[in-house]
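Structural features, examined
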Amino acid sequence: MARWCYRHRLVVLLVWVGALFGMGFSASSAGTDYANVFSLPDTDSKTAYDLMQKAFPNTSGDTDTVVWKVTRGSVRDQAVRDRVQPALDAIAKVPGVGAVAGPYDGPRGGAQISRDGTIAYAQLTFVQRANEIPKDVVQKVLDTAQGAERGGLEVELGGQAIQRVQEPPQGLSETVGIVAAAVVLFLAFGSFFAMTLPIAIAVFGVGMGLFSTQLLSHTTNIPDIAPLLASLIGLGVGIDYALFIVTRHRRGILRGMDPEESAVTALNTSGRAVLFAGGTVCIALAGMLVTRLRFLDGVVIGTSLTVVLSVLAATTLLPALLGFLGPRVLSRRQRRRLAAEGPAPERASGLAARWSANVQKRPRRIAALALVVMAVLAVPVFSLRLGATDQGNDDASTTTRKAYDLLAEGFGPGFNGPLQVVSSGGDTAGLVEDIRATAGVARAAALPPARGVTVIQVVPTTSPQSKETDDLIDTLRDRVIPKAGADAHVGGVTAVSKDFAAVTGDRLPLFVATIIGLGFLLLMVAFRSLVVPLTAALMNLIAAAASFGVLVAVFQWGWGLDLLGLGKEGPINAFLPVIMLSLLFGLSMDYQVFLVSRMHEEWVHTRDNARAVRVGLAETSRVINSAALIMVCVFLAFVLSGDSGAAMAGVGLAAAVALDAFVLRTALVPAAMHLLGTSNWWLPGWLERRLPHLAVEPQEEPAAAAPDAPSGPATAVHGFVRTADGDPVEGASVTLMSKGGRRLDRVTSLADGSYIVSVPAPGAYLLAVTSPSYGSRARHLTVAEGPLVYDVELTGDEVDAVT
């Protein structure tokens, strides 16, 4: 498939461009129909909602609020009325506004004025849901209302529709994330063309995913946060997957391979690993379905579809783009060196090799330090409180936050989250009196009944997000309603949020067990080990605890919220743990597979665990860290999205990926594997015989068919490995490779520095020598009929390693 895409690159590119523009045109024509459906079967708030829908079928509509405050006098003053009432009348005439109920409309309006007479509000009912209302309509309402302001009269607006128009421009967070990722890619590749490849793949994958999700919103319930989360995860995996493939392709060209063969080899190796990684991410996302929370079904659809399309772009569009670029995927300096000196391995920093050797020397100390860091970061997780954010968590400069604070000031903190006690039988009048007498209730009033159903509006004395309000809901359900003998249920947004958090918390253990179990099985099959997947499962739990600790410290305790411009502290969104754990599991599996697959390959050839762990870490940590840095940049950019849920997910995932890559995969995992020794690769014989064989990343070239290996009588290369001072280097790894980079033989130098490697036939080869203490060297050799004597000098000044 890769070869076909490479050779028919223009056709592939045109198909992808046509599909992107076609989907974009269809999505823009159809519009959006996102819906936040919280289906919570067998909960009290769901029963209350069903009763209200039966009795008041026409009350489902988004209602926003206009709030005004005077610094002198009263809102009842004629001068204030002459400013505000014309604005309300003008708003009522705006197309899309169904009704305006103000404080100056008869006797019932008096309840919309605070006791001290300084604050009043009016309710605006739109004819559509907030996400369906055109932004220009909402902006006109906002401008009309705030046009009534003057000295001493403040006018603010709150509600879902108003919140939409004060969000940053759509695409801002994605653009910032892409720019940050481009900088990291340019520093990693040193080539503008190579930098653009992962960006292009991510743009195509995310674009197609978002347009598809938008179209699907007309056929199924997809929450409005799904596109943000889909673009967040899509950008991250799209760029990372393309990064892995492009890195392998560049390595092949530097070894002297033809660009087409290099691209085919890269897709047949790293491309397979990308398919495996993308599959694990989708499996992790699908794990959300076991929670049976309908709100998350749309999130699963949007994010999984975007990941699938990103993988498809990486495995079809990327080889086509590689065909257009040819050798220009290398930097100019690399192309000049390739033309002047011939094929050579890509130069790499010696920092990774030195760190890997350091982990091998001090595994206990490094493992203990990493565990302490993760444990300290995980401490706040014991204070985790699930709930829902509202406009009281918006930035203090926004009109929605100001309106929220004004309503709390004039009518009490609980006014922003009233409870609805829905009664369908029993002594309703007695129930109202009992509710009014309950501690924590500011006001309670029954609305006119309809179809045998009475709704009692209950305003708590505390804010919707406070623990006291949660306790009040429990008191009403457990004591007040049973005592009154009424058939009643507590509903409303605050009660729904509490029930959603409770249901999520109850089902979280099953969800965690599901995704951890699936990951264990996948890694066990891939690496033929019980200890490696068990270690990975423990690391995932440690990473989750530490990342949630960071999340609690920032969003619940408020550490750094002002610095990040993220508004006011509050509970963690109830849906976030499930979404974050899914994404964290999928992404950490990518890094685990990439790291351990190289270790496993080394173990299979040498049966030396210490060497396998050291080489695997040295040769993969640079790419893992680059990929993680890109993910962190993309995720942190979603702080700018204007959506508190997306900002929480961005910060939480950025912390999770950073800790997973920089602490766990490069320190704790290799240190633990050094301490565990050969038991890392233990698998009972009976299980080995029954498990299917799964090659995550096959060999670049089969051993029986090496086109670049010369034919003829076998011979050898032998000599000594010494330092610049002439001292022998013991334990150096000496590897003989073909011109294409296929390993032919590997040995370890003896105490006197001597080595000997077997050569299949006379011809040109690559000899790589690596030592943890003295760095690495790689040189091209030409072997004639007889054995070749070749001494190697390791200076430690630079690393020229084959990765």
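Residues numbered from 1 in each chain as written. Predicted model: local features only at pLDDT ≥ 70, side-chain atom pairs only at ≥ 80, totals over all residues. Heavy atoms only, no water.

A short note on the overall build of the protein chain
Scanning the protein chain from terminus to terminus reveals 24 helices and 18 strands. Every one of the 803 residues in the protein chain was classed for burial, and the buried ones make up 56%. The contacts in the protein chain between residues at least 6 apart in sequence include a share of 76% that link residues at least 24 apart. Split by element, the accessible area of the protein chain, about 32,900 Å² in all, is 59% carbon and sulfur. Seen as two clouds, the 66 positive and the 68 negative side-chain charges of the protein chain have centres 4 Å apart. (Helix = DSSP H or I, 4+ residues; strand = E, 2+ residues; numbered from the N terminus. Buried < 20%, exposed > 50% of the residue type's maximum accessible area, 1.4 Å probe, protein only. Contact = heavy atoms within 4.5 Å. Areas by Shrake-Rupley, 256 points an atom, 1.4 Å probe, with all protein chains shown as cover. Lys, Arg positive; Asp, Glu negative; His and termini not counted. Charge placed at Lys NZ, Arg CZ, Asp CG, Glu CD.)

Quick notes on the nonpolar core
The nonpolar side chains of soluble globular proteins are, as a tendency, buried together. Core analysis: the biggest nonpolar cluster contains 152 residues, and Tyr241, Met288, Phe555 and Phe635 have the highest contact counts within it. Sorting elements by how many residues they give to this core places helix H23 (residues 644–676) first, with 19 residues. With sequence-adjacent residues up to four places away left out, Tyr241 is seen in contact with Val274, Ala277, Gly278, Val281, Val311, Ala314 and Asp590. Ranked by size, the runner-up nonpolar core spans 29 residues in total, among them Ala122, Val138, Val141 and Val155. (Core = buried A, V, L, I, M, F, W, Y, C linked by side-chain atoms within 4.5 Å.)

Structural notes on the side chain of Arg507
Considering the arrangement of structural elements, one finds Arg507 in helix H18 (residues 493–527). Once residues within four sequence positions are removed from consideration, Arg507 is found in contact with Thr291, Arg292 and Leu293.

Focus: the pattern of salt bridges
For the coordinates displayed, the defined rule picks out 14 salt bridges. Between Arg477 and Asp499 there is a salt bridge, and its shortest N-O distance comes to 2.9 Å. With Arg477 in helix H17 (residues 467–484) and Asp499 in helix H18, the pair connects residues that are 22 residues apart, well separated along the chain. In this structure Arg477 comes out as buried when scored by relative accessible area, which is 17%. Residue classification places Asp499 among the buried residues on the basis of a relative accessible area of 8%. (Salt bridge = Lys/Arg side-chain N within 4 Å of Asp/Glu carboxyl O.)

Quick notes on a nonpolar patch on the surface
Together, Val179, Val183, Phe186, Leu187, Phe192 and Phe193 give the surface a local cluster of nonpolar side chains, amounting to about 610 Å² of exposed area. Of all the secondary-structure elements, those providing two or more residues to the nonpolar patch are helix H7 (172–189) and helix H8 (192–216). At 4 residues, H7 tops the list of elements feeding residues into the nonpolar patch. When you line up the elements, Phe193 lands in helix H8. Residue Phe193 is classed as partly exposed on the basis of its relative accessible area of 34%. (Patch = residues over 30% accessible without salt bridge, like charges linked within 9 Å, V, L, I, M, F, W, Y side chains within 5 Å.)

Here's the deal with the sheet that holds strand S3 (residues 119–126)
Strand pairing within a sheet occurs via backbone hydrogen bonds; the two strands may be parallel or antiparallel. Across the sheet, which stays open at both edges, the 4 strands sit in the order S2-S3-S1-S4 with antiparallel pairing between neighbours. At either end of the open sheet lies a strand with only one pairing partner, and these are strand S2 (97–101) and strand S4 (153–158). Each adjacent strand pair in this sheet contributes to an overall mean axis angle of 20°, direction not counted. Sheet topology places strand S1 (residues 63–70) next to S3; 7 bridges connect them, and they run antiparallel. From the neighbouring strand, Asp64 faces S3, where its bridge partner is Leu124. Helix-sheet contacts for helix H4 (residues 78–92) involve S1, S2, S3 and S4, and the interaxial angle to S2 is about 155°. Those strands touched by helix H5 (residues 135–146) are S1, S2, S3 and S4, and its axis lies near 160° from that of S4. (Pairing = 2+ DSSP bridges. Axes fitted to C-alpha atoms, helices over the stretch in contact; angles between N-to-C directions.)

Here we look at helix H14 (residues 363–378)
Counted at 1.5 Å a residue, the expected span for H14 with its 16 residues is 22 Å, and the 22 Å between its end C-alpha atoms agrees. Of the residues making up H14, those classed as buried are Pro363, Ile366, Ala367, Ala370, Met374 and Ala378. All buried residues of H14 lie within an arc of 105° about the axis, which places them on one face of the element. Opposite the buried face of H14, by more than 90 degrees, sit the exposed residues Arg364, Arg365, Leu369 and Val376. Packing partners of the buried residues in H14 comprise helix H13 (351–361), helix H19 (531–556) and H23. (Expected span 1.5 Å × (residues − 1). Arc of directions from axis to C-beta.)

Remarks on the packing of aromatic side chains
Taken as a whole and assessed by the stated rule, the structure comprises 8 aromatic pairs. Centre to centre, the rings of Trp16 and Phe204 are 6.2 Å apart; their planes meet at 85°, and the pair counts as edge-to-face. Residue Trp16 is located in helix H2 (residues 9–30), and its partner Phe204 is located in helix H8; the two are separated by 188 residues in the primary sequence. In this pair, the class of Trp16 matches that of Phe204, namely buried. Ring centres 6.2 Å apart and planes at 45° place the aromatic pair Trp68 and Tyr104 in the tilted group. Placement of the pair is Trp68 in strand S1 and Tyr104 in the loop between S2 and S3, with a sequence separation of 36 residues. (Phe/Tyr/Trp six-rings, centres within 6.5 Å; stacked < 30°, edge-to-face > 60°.)

A word on the pairing of S1
By the criterion of burial, S1 is predominantly enclosed, with 6 of the 8 residues buried. One ladder, built from 6 bridges, connects S1 with S4; its direction is antiparallel. Looking at S4, one finds that Val66 is bridged to Leu157.

Focus on the sheet that holds strand S6 (residues 419–423)
The strand order across the open sheet built from 4 strands is S7-S8-S6-S9, with neighbouring strands paired in antiparallel fashion. Edge positions in the open sheet fall to strand S7 (441–446) and strand S9 (488–491), since each of these has one partner strand only. The sheet shows a mean angle of 20° between the axes of neighbouring strands, direction not considered.

Some details on unusual backbone geometry
In the Ramachandran plot, Arg451 falls in the positive-phi region, its phi being about 55° despite a non-glycine side chain. Among the secondary structure elements, Arg451 is positioned in the loop between S7 and strand S8 (454–460).

A word on the state of the cysteines
As enumerated under the stated definition, the model contains 0 disulfides in all. Cysteine Cys5 shares no disulfide, and the gap to the nearest cysteine sulfur, in Cys282, comes to 20 Å. (Disulfide = S-S within 2.5 Å.)

Considering the environment of Leu476
Structurally, Leu476 is set in helix H17. Put simply, Leu476 and Val490 are 14 residues apart on the chain and 7.6 Å apart in space, counted from C-alpha to C-alpha.

Some words on the environment of Ala495
When you line up the elements, Ala495 lands in helix H18. In sequence terms Ala495 and Ser45 are 450 residues apart; their C-alpha atoms lie 6.1 Å from each other. Among residues more than four places away in sequence, those in contact with Ala495 are Ser45, Leu419, Ile473, Arg477 and Val490.

Remarks on the packing of H2 against helix H11 (residues 294–325)
Contact geometry for H2 and H11: axes closest at 8 Å, N-to-C directions at 140°. With respect to their mutual orientation, H2 and H11 come out oblique. Crossing hand, H2 versus H11: left-handed. Residues Arg9, Leu10, Val12, Leu13 and Trp16 of H2 lie in contact with H11, whose contacting residues are Leu309, Leu312, Ala313, Thr316, Leu317, Ala320, Leu321, Gly323 and Phe324. (Parallel < 35°, antiparallel > 145°, perpendicular 65-115°, else oblique. Left-handed = near helix turned anticlockwise from the far one by under 90°.)

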